Amino acid sequence: MGLPSALGSLPLAPLAPEYGELMNHQRSAGLRHFGEALVGDGETLSFLDGLFVCAGNRRHHLSAARLRDLADARPSRGPLLRLLADIQTRDAAVLRRVLLHQLIGLLHEPGARRKAAGLDPAEAALLEQAVPTVPVLDARQRKAAESLGGLWRQRRLRAAARALDTLGPAAVRTDPALSHLASRLARRLGRCDRSLAAARATRDTEAARTHYLDALRLAADDDTATRSLITLGRPRRPEDAPLTARLSGDRVLLSWPVPDGRSWRAVRLTRGTDRPAVVPSTATTPGTRGAAVDDGPRRGTLVRYAVFPLLDGVPDGPPLVSGPLLIAPDAEDLTVTDAPARLTVRWTRPPRTARVTVVLYAADGPAPGGTVLARHDAGADGDTHTFTGLRPGSYLVRVVCHHSSPEGREVESEGVRAAGVVHVWPEPLTALTATPDPGGGVRFTGRGAADAEVRLVAWTGPAGAPPEGTGLRTDALPAALPWATYGTAHPVASPSAFAGRIVAVAVLGERALVGPSVRVDIPAPVTGLQGLREHDGKVRLVFDWPADAGSVEVEWEQEGARDRSRVSRSRFLREGLRLPIGPASARIGVRAASRHEPLAEPEAGDAVKAATDAVDRTVVVRRAPAVLVLPGDVVVSFRLVTRRRGLARRATPEAVEVTVKGADLPDSSAVGAGPPDTAARPALPDLVLVGRAGDAATARPRHPEDGDVLVRLTGAELAASPRTVRELPAGRLRPPYALRAFLAGEHAGSVRLEEPALSTLVVR
């Protein structure tokens, strides 16, 4: 026989259905042949009469059990070794055949000895001598040879026949196993061809369907049987199809009923091609719907889908067939919005669309007899178009996408439709003016918007207001500013601070038109204003600082003279606000100053012009100031009138003497009349003398309720005379005790109280 013949016939094909999975594991492990995973240090692999691991004089047969033990001992090679064990369990001869196929391929390459490492040296030399007798396969032939095992198991006999044709008759004859496979394949394909002939010969639809199914059971990839069964199962009307095919972009979504637990095979049949394409499908559950997603249809082709029930991976019944479907994606997110005398159409264009056509119809639409009013070719990049010059009424818009087919033809999509209505819109407002009033507040006037309501609104958020002329639905508008009124004769002002852009919107029914705008700054009002006279002749002003104001402006008028000052917030918080006002009555006004106001006070006639000529065209509204009418400086003082009784050395207080001093004593009968230099002033406050006795007699009363009220003089009683004496009630307090007087009432802050020495107010 010679040494080369001792190996027997050498394989050209592995004929292992798992060969593709085996090669994936082998590449992941970085192995040139799977034998490298079977030997360790000091071991070699023998393959002459089976697979053995040799270590010295010992030989161990690689059975399925030993392969699984190796998988447990070598976790990194575990998946590969377990797959080899499964192949060995199914057919022990196949595993040796696969190894020889891989070794032959390596020995046909340069550096063969280095690549085929780990083998028994004598057997490796023997194999190297035998390899020249084996035909050398190119890459295409080698791929065909390695696919035969899987094709045969899947009963894809037509593909197996094409693989054998790729190898060629001469190569097939050199491998007895391949020759045997070719003989079996020819017999089965002969039976398949006879079933196809019988189906074509009969005129009975059910009989033809049975013959075609017989052919598919023999050759699961027979294109003729597949196409014929799809043709016989076509629904009469697309809406009656049990298999639904829906286009979603460039993908097709399939759905069908699943009455039992069988698996299914989905295929796509494209017009103009002979070979159906298999579509991956997901596992199904009885009582649900099967599903598959086809990512492979080509744009511009007409396709039809079918799903075959399977038994052991072979079609076992007639298919469910869909209606025809044109792979021409439509535009998405179609919207139609109206504006005065126009409709704006927006859409999302599918990728790689040649061009888009937008058609405007009358209300009857694109049905036969429908009137086409306008047509626009948006090109390949357009995604919006506006039809102008339209009368109020109903319209219909259709957007069609044009795609290129594989043959270069232009294919139109079905088109998406949307209705649009051009409403009656208000006349636009052409001008808006905000005119500050010298006395405080602002008037809003303008032109246009006849027969429409004009609302003054403010858009918040980073986007701001839409451009002038934008049409909106009324319910999309922000709420109207409650204080801002358009076209009124009296000035208006916000109850709190306002700084922003006010937009005038013309409203008519459900439609609104954005008009011009103006930026307005209205400082916050000053509240809680009080004036307290101090001993140094100044008046301290106390009030709640207006929100967001950087400074306030103070103006006072006294005895015919006027003066003003501006105080910043930081200075107010640090030092307070004191005015150099004399003892006469005065009128004081305080208002918040806008950040857009100039520091210099404009003349009276230029107040409005200065307010509108501010930086960034902001209209500054000078709010009416908070006014305080400060009475003339009035001082109320008192002293205790004491008297010694009998031989007692200590004087006992018997009465209190109250003195009222001022530039002009107030008159309680003339409250609130005239300007500050001639008007009557508010009534004087009450004076209350309080005493507190007991262990804490040396601690003076802290407020009018902190002790016994001994004397109360009303403001009218104090105003009646500059000097009033009132006796203290006898026996109310026994020494020791302390006395203290308080001013009470709404005018207590405008009158100063001078007290005698503290030692005179403690009675021991």
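Residues numbered from 1 in each chain as written. Predicted model: local features only at pLDDT ≥ 70, side-chain atom pairs only at ≥ 80, totals over all residues. Heavy atoms only, no water.

### Description of the overall build of the chain
Check the secondary structure of the chain and you find 16 helices and 42 strands. For the chain, the proportion of its 764 residues judged to be buried stands at 45%. Long-range pairs, those at least 24 residues apart, make up 66% of the contacts in the chain with a sequence separation of at least 6. Surface accessibility of the chain: about 38700 Å² in total, with carbon and sulfur atoms responsible for 50%. (Helix = DSSP H or I, 4+ residues; strand = E, 2+ residues; numbered from the N terminus. Buried < 20%, exposed > 50% of the residue type's maximum accessible area, 1.4 Å probe, protein only. Contact = heavy atoms within 4.5 Å. Areas by Shrake-Rupley, 256 points an atom, 1.4 Å probe, with all protein chains shown as cover.)

### Some points on the sheet that holds strand S41 (residues 751-754)
Sheet architecture is open: 4 strands sit in the order S39-S36-S35-S41, paired in mixed fashion. This sheet does not close on itself; its edge strands, each paired only once, are strand S39 (723-727) and S41. Averaged over all neighbouring strand pairs, the angle between strand axes comes to 20°, with direction disregarded. (Pairing = 2+ DSSP bridges. Axes fitted to C-alpha atoms, helices over the stretch in contact; angles between N-to-C directions.)

### What about the nonpolar core?
Nonpolar side chains tend to gather and get buried jointly when the protein is soluble and globular. Formed by 77 residues in total, the largest nonpolar core has its most connected members in Leu84, Leu148 and Leu178. No other element matches helix H5 (residues 92-107), which puts 8 residues into this core. If we skip the residues at most four places from it in the chain, leucine 148 touches Ala13, Leu15, Ala160, Ala163, Leu164, Leu167, Leu178 and Leu181. (Core = buried A, V, L, I, M, F, W, Y, C linked by side-chain atoms within 4.5 Å.)

### Quick notes on helix H7 (residues 121-130)
Along an α-helix, residues three or four apart share an orientation, since each turn contains 3.6 residues. All of the buried residues along H7 are Glu123, Ala124, Leu126, Leu127 and Ala130. Buried positions in H7, seen along its axis, are confined to an arc of 160° and lie on one side of it. Within H7, the exposed residues directed more than 90 degrees away from the buried face are Pro121 and Ala122. You can read the cap of H7 off the contacts: a side-chain oxygen lies 3.1 Å from the backbone nitrogen of alanine 122, and it is on aspartate 120. (Arc of directions from axis to C-beta. Polar contact = N/O pair within 3.5 Å; in protein donor to acceptor, adjacent residues only side chain to side chain.)

### Overview of the packing of aromatic side chains
In the structure shown here, the tally under the stated rule is 6 aromatic pairs. A connected cluster of aromatic rings, assembled from ring pairs, spans Phe444, Trp483 and Phe498. Over the aromatic face of phenylalanine 52 sits the side chain of arginine 59, whose NZ or CZ is 4.2 Å from the ring centroid. (Phe/Tyr/Trp six-rings, centres within 6.5 Å; stacked < 30°, edge-to-face > 60°. Lys NZ or Arg CZ within 6 Å of the ring centre and 35° of its normal.)

### Side note on the pattern of salt bridges
One pass over the structure, following the stated rule, counts 47 salt bridges. Between arginine 32 and glutamate 36 there is a salt bridge, and its shortest N-O distance comes to 3.0 Å. The partly exposed category is assigned to arginine 32, whose relative accessible area is 38%. Classification of glutamate 36 as buried rests on a relative accessible area of 18%. Residues glutamate 553 and arginine 622 are paired through a salt bridge, measuring 3.4 Å at the closest nitrogen-oxygen approach. Of this pair, glutamate 553 sits in strand S29 (residues 551-558) while arginine 622 sits in the loop between strand S33 (618-620) and strand S34 (626-630), and the two are 69 residues apart along the sequence. One salt-bridge network, in which partners are shared between bridges, spans Asp214, Arg217, Arg262 and Asp316. (Salt bridge = Lys/Arg side-chain N within 4 Å of Asp/Glu carboxyl O.)

### A short note on the sheet that holds strand S5 (residues 251-257)
The strand order S4-S5-S8 describes an open sheet built from 3 strands, whose pairing is antiparallel. At either margin of the open sheet sits one strand with a lone partner, and together these are strand S4 (244-248) and strand S8 (289-294). Here the average twist between neighbouring strands, direction ignored, is 20°. Pairing geometry for S4 and S5, over 5 bridges, is antiparallel. Paired with threonine 244 across the bridge in S5 is serine 255.

### Things to note about unusual backbone geometry
Residue proline 736 is bonded to the preceding proline 735 through a cis peptide linkage, with omega at 0°. Take proline 736: it is sitting in the loop between S39 and strand S40 (737-744). Although it is not a glycine, arginine 352 sits at a positive phi angle of roughly 60°. Along the chain, the position of arginine 352 falls in the loop between strand S14 (342-348) and strand S15 (355-361). The class of arginine 352 is exposed, set by a relative accessible area of 62%. Of note in the backbone geometry, aspartate 451 takes a positive phi value of approximately 60° without being a glycine. Judged by its relative accessible area of 78%, aspartate 451 falls in the exposed class.

### Focus: the confidence of the model for the chain
Low-confidence regions, as indicated by low pLDDT, have predicted coordinates that should not be scrutinised in detail. Mean pLDDT over the chain: 86, with 90% of residues reaching 70 or higher. pLDDT under 50 marks residues 604-615. Its contacts with residues more than four places away, or in other chains, come to 17 contacts. Taken together, the stretch residues 666-681 has pLDDT below 50 and engages in 30 contacts with residues farther than four places along the chain or on a different chain. (pLDDT = per-residue confidence, 0-100.)

### A short note on the side chain of glutamate 553
Relative accessible area serves as the criterion here: at 6%, glutamate 553 is assigned to the buried category. A distance of 3.4 Å separates a polar atom in the side chain of glutamate 553 from a polar atom in the side chain of arginine 622.

### Some remarks on the packing of helix H8 (residues 139-153) against helix H9 (residues 157-167)
For the pair H8 and H9, interaxial distance at closest approach is 9 Å and the crossing angle is 150°. Between H8 and H9, the angle falls in the class roughly antiparallel. In the crossing of H8 with H9, the sense of the turn from one axis to the other is left-handed. Contacts from Arg140, Gln141, Ala144, Ala145, Ser147, Leu148, Leu151 and Trp152 in H8 reach Leu157, Ala159, Ala160, Ala163, Leu164, Thr166 and Leu167 in H9. (Parallel < 35°, antiparallel > 145°, perpendicular 65-115°, else oblique. Left-handed = near helix turned anticlockwise from the far one by under 90°.)

### Focus: the side chain of threonine 270
Among the structural elements, threonine 270 can be located in strand S6 (residues 264-270). Apart from the residues within four sequence positions on either side, threonine 270 is in contact with Thr301, Leu302 and Val303.

### Some points on the environment of alanine 117
Along the chain, alanine 117 turns up in the loop between helix H6 (112-115) and H7. With sequence-adjacent residues up to four places away left out, alanine 117 is seen in contact with Arg32, His33 and Glu36.

### A short note on helix H2 (residues 19-29)
The complete set of buried residues in H2 reads Tyr19, Leu22, Met23 and Gln26. Each buried residue of H2 sits inside an arc of 95° when the element is viewed along its axis, so together they form one side. Against the buried residues of H2 lie helix H4 (78-90), H5 and H8. Positioned one or two residues after H2, glycine 30 has a phi angle of 75°, which is positive.

### Re the environment of histidine 33
For histidine 33, the location among the structural elements is in the loop between H2 and strand S1 (44-46). For the pair histidine 33 and glutamine 102, spaced 69 residues apart in sequence, the C-alpha to C-alpha distance is 6.1 Å.

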